[in-house]
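In case you want the letters, here they are:
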Amino acid sequence: MKRKNNFKMLLIEVFSLLLSLVVLVPMYFVVVNSFKTQNEAAEMLLGLPAKMNIIENYATVFKEGNILCAFANTSIVTCISVVVIVITSAMAGFVLQRRKGTITKINDFLILAGLIVPPAIVPLFWILKTLHLDSTFQGVILIYIAIGFPFSTMLYKGFFGTIPKELDEAALIEGCGSLGMFFRVVMPLLKPATMTVIITQFMTIWNDFNISLYFLNSPTRFTLTTTIYFFFGQFGNYWNLVFADVVIIAIPVLILYAFAQKYIISGMTAGAIKG
Amino acid sequence: MKKRVSEYYSYNFLIPGMSVYFIFFIIPTILLFVFSFTNWSLDTFEFNGIENFKSIVMESNLNIAFKNTFIFTIVTTVVKVALGLGLALLLNMDLKSKVALRTIFYFPVVLSTVAVGLTFSSLFHPTTGLVNRLLDGIGLSALAMDWLGNTNLVIYSVCSVEIWKWTGFGMVIFLAGLQSIPTEYYEAIAIDGANKWEQFKYVTFPLLRGSFNSVVLLSVIGGLKVFDIVYVTTNGGPGTASEVISSAIFKNFSYGYFGLASAGGLTLFIIVSIIVFPLQMYLSKKEVEL
C-alpha cells in the first residue's frame, strides 16, 4: 500500500516538474539567445550559442539603448512614487479604519471604485497639459500615485484592523499628538503591510508600460521598458539585443522577488481576499 | 477640556492621498462625461452631441474591439481560474519540489508585460518560432499555425500569453485558501465515506469560495481593461483582427481624435461598471449563502 502511494506521488512529482517547463523554457530561451550573435539569435533555437557574444551584446544594449539613463529615470520615478504611496495610503487607511461615519463611507466608496474602473486617459492628458505637467516625470509620478493609492489604502485599512485601538490611546496618554501617535507608534507595527505595499507598487510601476507610453512621449524622458523598442528597426530585429534588454529589465525585479517573496504572496492574498 | 480620542483620528490624514487621487483619478473620470460629447482635438473644442457614440456603433473596427474584449475576458478568466486551481491543488500536495515549483509558477507574474509579450511574439513566429518548431519536432506539423498572423486565431494566441503570465497569481491565491482549510473537515468527511471528488465538492470548493471570487473578479476587471499585452504582441493586428477596446482608444488618441477616444473611454467605463459591480454582488451573495 505504502509503496503504491509512493509511486503515485513520484508520478505526480514528475508531472509537476514537466509542467514547470512551460514556464522555464521561454525564460531559458530568452537568456540563452541574449548570449548569441544577431544571426544566430534570428534562428530562435534553444541550443547553446556557437559563439559566445555575451559581453558584446550587453555592452551594445547599455550603450545604444542608453540603459544607464533609462535605469536612472525608472528608478527615480519608481522610488518617489512608492515612498509617497506608502505614506499617503497608510495615513488614509488608518483614519478610514478607525473612524466610522459619512465621510469615511464616501471616501471608502471612491477608493473602492478606483480599484475597479479604468483610469480616464484622455481627460488625464488634458489635466496634465493644463497643469504644464505633460511629458514630465512629475506628471507621471502623480498618476502612479493616484493609481496605486486605492489598492494600498485598502491593504493598509485591512492591516490596521489587527492593531488594537488601546495602543493608540496609550500613545496619546504618553503625550504623543496625532502625527506622533501614527508615525512613531502605529506605523512601525505595520512593517509587513508596508513591505507588501512597497513591493507590489515597486513591481507595478517598474514594469509599467501604459502610463509611460501615454504620458512620457519624449525622446529624452524614456523608461526602461521602452528601451526594448530601440532594437526593432528598419535594419531588422536584433533579437539578441532585445533579449539582453529583457534580461536587464527583469534582473532588479527578480532580485526583489527572491528576497521578498513572502511579502508579495501575503500581500497579494490579503489584498485580493478583502478585495 | 480633554479632546475625545476619535478627534485624534483626524480626517486631515486623508488630505495628501485623497487630493492627488481626486485630481488625477476622480476629476478625469468626471470629465470623461464631458469630453465624450465633443470633437476635441488639439485646436478645436466643440460639442457634437452623440456623434462619437454613433461612430463607435457604426465602425466595424470598434465592433471587433468589443467582441475581442469579451472573448479575451471570458477565455482568460475561465482558463486562469481552472489552471490556477489545478496548480494550487497539485502544489498543495506533499511534493518534494513544491516550494521550488510555486516559485517557478509565480515567476511570470513579476516580469514586465512588454518583455513577456515580445518574447512570445518571437516564440509564435510562423517559421522560426519555438512553438511551431516544437510541434514539427513531435510530429504534429499539422497543428503548426501562423499564431499571430491568422485573423481567426490571433486573439486566442494573445489570450494564451496572458494566461501564461497570470496563472501563477491565481495559484497563489488558491494556495492561501487551501492552506486555511482545517484538516479536521477532511477527516470528518472521510469518516462519512466520501471519495476524492465528494471531498472537493463538499469541503474544498465551498471553503475556497472567497479565493475563487477574488480570482474571477480580478481577472474580469483585468480582462476588460486589457491593453499592454495586445499592444506589444500584435498592436491590434493583423489589420484590426486582435483590436480590443483599450487598444482602439489608444489608436484614436494617437491620431489626435481625443473626443472619440474619450467616448471609447466612457464606453469602457460603463461596460466595466455594469459587469463588475453586479458580478461582485452576485459572487459575495454566493459566499454569504454558504
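Residue numbers here run from 1 along each chain, matching the order of that chain's written sequence. Numbering of ligands from 1 and lettering of chains from A proceed in the order in which they are written. Whole-chain, interface and lining totals are the exception, using all residues; otherwise, since this is a predicted model, local features are given only for residues with pLDDT of at least 70 and side-chain atom pairs are given and counted only at 80 or more. As a rule here, side-chain values come from all non-hydrogen atoms in the structure, and water together with hydrogens is ignored.

1. Looking at the overall build of chain B
Helix and strand labels come from DSSP, where a helix needs a run of H or I of at least four residues and a strand needs a run of E of at least two; each type is numbered from the N terminus. Counting secondary structure elements, chain B contains 13 helices and zero strands. The secondary structure elements of chain B, listed N-terminal to C-terminal, are α-α-α-α-α-α-α-α-α-α-α-α-α. Across its three principal directions, the C-alpha atoms of chain B cover 85 × 75 × 30 Å. Residues classed as buried in chain B amount to 54% of the 290 residues present. Here's how the labels work: a residue is buried when its accessible area is under 20% of the maximum for its type, exposed when over 50%, partly exposed in between, all with a 1.4 Å probe on protein chains only.

2. Looking at the interface of chain A and chain B
Here, two residues are considered to be in contact whenever any of their heavy atoms come within 4.5 Å of each other. In this assembly, 93 residues from chain A lie in contact with 82 residues from chain B. Values labelled buried area give the accessible surface lost by two parts on being combined, using a 1.4 Å probe and summing over both. When the buried area of chain A at its contact with chain B is split by residue, Ile116(A), Val122(A) and Tyr214(A) rank highest and sum to 9% of it. Under this definition, polar contacts are N or O atom pairs within 3.5 Å; protein pairs additionally need one hydrogen-donor-capable and one acceptor-capable atom, and for neighbouring residues in sequence, both atoms have to be side-chain atoms. Taken together, the links from chain A to chain B amount to 12 residue pairs in polar contact (both at pLDDT 80 or more). By residue number, the principal contributor to the side of chain A that touches chain B is helix α1 (residues 2-33) of chain A, which donates 16 residues. Across the side of chain A that touches chain B, the residue classes tally to 71 nonpolar, 13 polar and nine charged. Polarity classes work like this: nonpolar for Ala, Val, Leu, Ile, Met, Phe, Trp, Tyr, Cys and Pro, charged for Asp, Glu, Lys and Arg, and polar for all others, with Gly in that last group.

3. Some remarks on the packing of helix α4 (residues 67-98) of chain A against helix α10 (residues 191-207) of chain A
Residue and element names in this part refer to chain A. At their nearest, the axes of α4 and α10 sit 9 Å apart, and the two run at 145° to each other. In terms of crossing hand, the pair formed by α4 and α10 is right-handed. Residues Phe71, Thr74, Ser75, Thr78, Ser81, Val82, Ile85 and Val86 of α4 pack against Thr194, Val197, Ile198, Gln201, Phe202, Ile205 and Trp206 of α10. Here the residues of the contact of α4 with α10 are counted per class, giving nine nonpolar, six polar and no charged. Between N-to-C directions, angles cover 0 to 180 degrees, with each direction set by a line fitted to C-alpha atoms, over the stretch in contact for helices. Definitions for this section: a left-handed crossing has its near helix turned counterclockwise from the far helix by less than a right angle. A right-handed crossing has that turn clockwise.

4. Description of a nonpolar patch on the surface
Any residue with relative accessible area above 30% and no salt bridge may belong to a patch, with like charges joined within 9 Å and the nonpolar Val, Leu, Ile, Met, Phe, Trp and Tyr side chains within 5 Å. All accessible-area figures derive from a Shrake-Rupley calculation using a 1.4 Å probe, and residue coverage is judged against the displayed protein chains alone. One side-chain nitrogen of Lys or Arg within 4 Å of one carboxyl oxygen of Asp or Glu is enough to make a salt bridge. On the surface, Phe7(A), Leu10(A), Leu11(A), Val14(A), Leu18(A), Leu21(A) and Leu24(A) cluster together into a nonpolar patch covering about 650 Å² of accessible area. Relative to the helices and strands, Leu10(A) is located in helix α1.

5. Examining the packing of aromatic side chains
We call Phe, Tyr and Trp rings a pair once their centres come within 6.5 Å, taking the six-membered ring for Trp, and we label the pair stacked below 30 degrees between planes, edge-to-face above 60, and tilted otherwise. Scanning the model with the defined rule gives 40 aromatic pairs over all chains in all. Aromatic side chains Tyr255(B) and Tyr257(B) sit 6.1 Å apart centroid to centroid with 70° between the ring planes, which places their arrangement in the edge-to-face category. You can call Tyr257(B) partly exposed: its relative accessible area is 47%. Ring-pair connections join several aromatic residues into one group, and the members of that group are Phe125(A), Trp126(A), Phe209(A), Tyr214(A), Phe215(A), Phe35(B), Trp40(B), Phe227(B), Tyr231(B), Phe250(B), Phe253(B) and Phe258(B). Lying over the aromatic face of Trp166(B), Lys165(B) brings its terminal NZ or CZ to 4.4 Å of the ring centre. Geometrically, a lysine NZ or arginine CZ counts as sitting over a ring once it is within 6 Å of the ring centre and also within 35 degrees of the ring normal.

6. Some details on the confidence of the model for chain B
In regions of low pLDDT, the predicted coordinates are not meant to be interpreted in detail. Residue and element names in this part refer to chain B. For every residue, the predictor states its confidence as a pLDDT score lying anywhere from 0 to 100. The pLDDT averaged across chain B works out to 88; a share of 97% of its residues lies at or above 70. Mean pLDDT across the elements of chain B bottoms out in helix α2 (residues 51-58) (82) and peaks in helix α1 (residues 15-35) (94). With pTM at 0.90, the complex prediction returns an ipTM value of 0.89.

7. Overview of the side chain of Lys36(A)
All names here are of chain A. Along the chain, Lys36 falls in the loop between α1 and α2 (38-42). Charge counting treats Lys and Arg as positive and Asp and Glu as negative, with His and both chain ends excluded. Despite its burial, Lys36 remains without a salt bridge, the nearest opposite charge being carried by Glu40 at 4.6 Å. Residues contacting Lys36, with those up to four places away along its chain left out, are Ala41, Leu45, Leu46, Gly47, Leu48, Pro49, Lys51, Asn53, Asn57 and Asn240.

8. Details of the pattern of salt bridges
Oppositely charged side chains are able to pair whenever their charged atoms sit close together. Residue and element names in this part refer to chain A. In the structure shown here, the tally under the stated rule is seven salt bridges over all chains. Close ionic contact of Asp168 with Arg98 constitutes a salt bridge, the shortest N to O distance being 2.7 Å. One end of the pair, Asp168, is in helix α8 (residues 165-173); the other, Arg98, is in helix α4, and 70 residues separate them in sequence. For Asp108, the salt bridge is made with Lys157, and the minimal N-O distance between the two is 2.9 Å. Within this pair, whereas Asp108 is found in helix α5 (residues 102-116), its partner Lys157 is found in helix α7 (residues 137-160), the two being separated by 49 residues in sequence. Its relative accessible area of 22% is what places Lys157 among the partly exposed residues.

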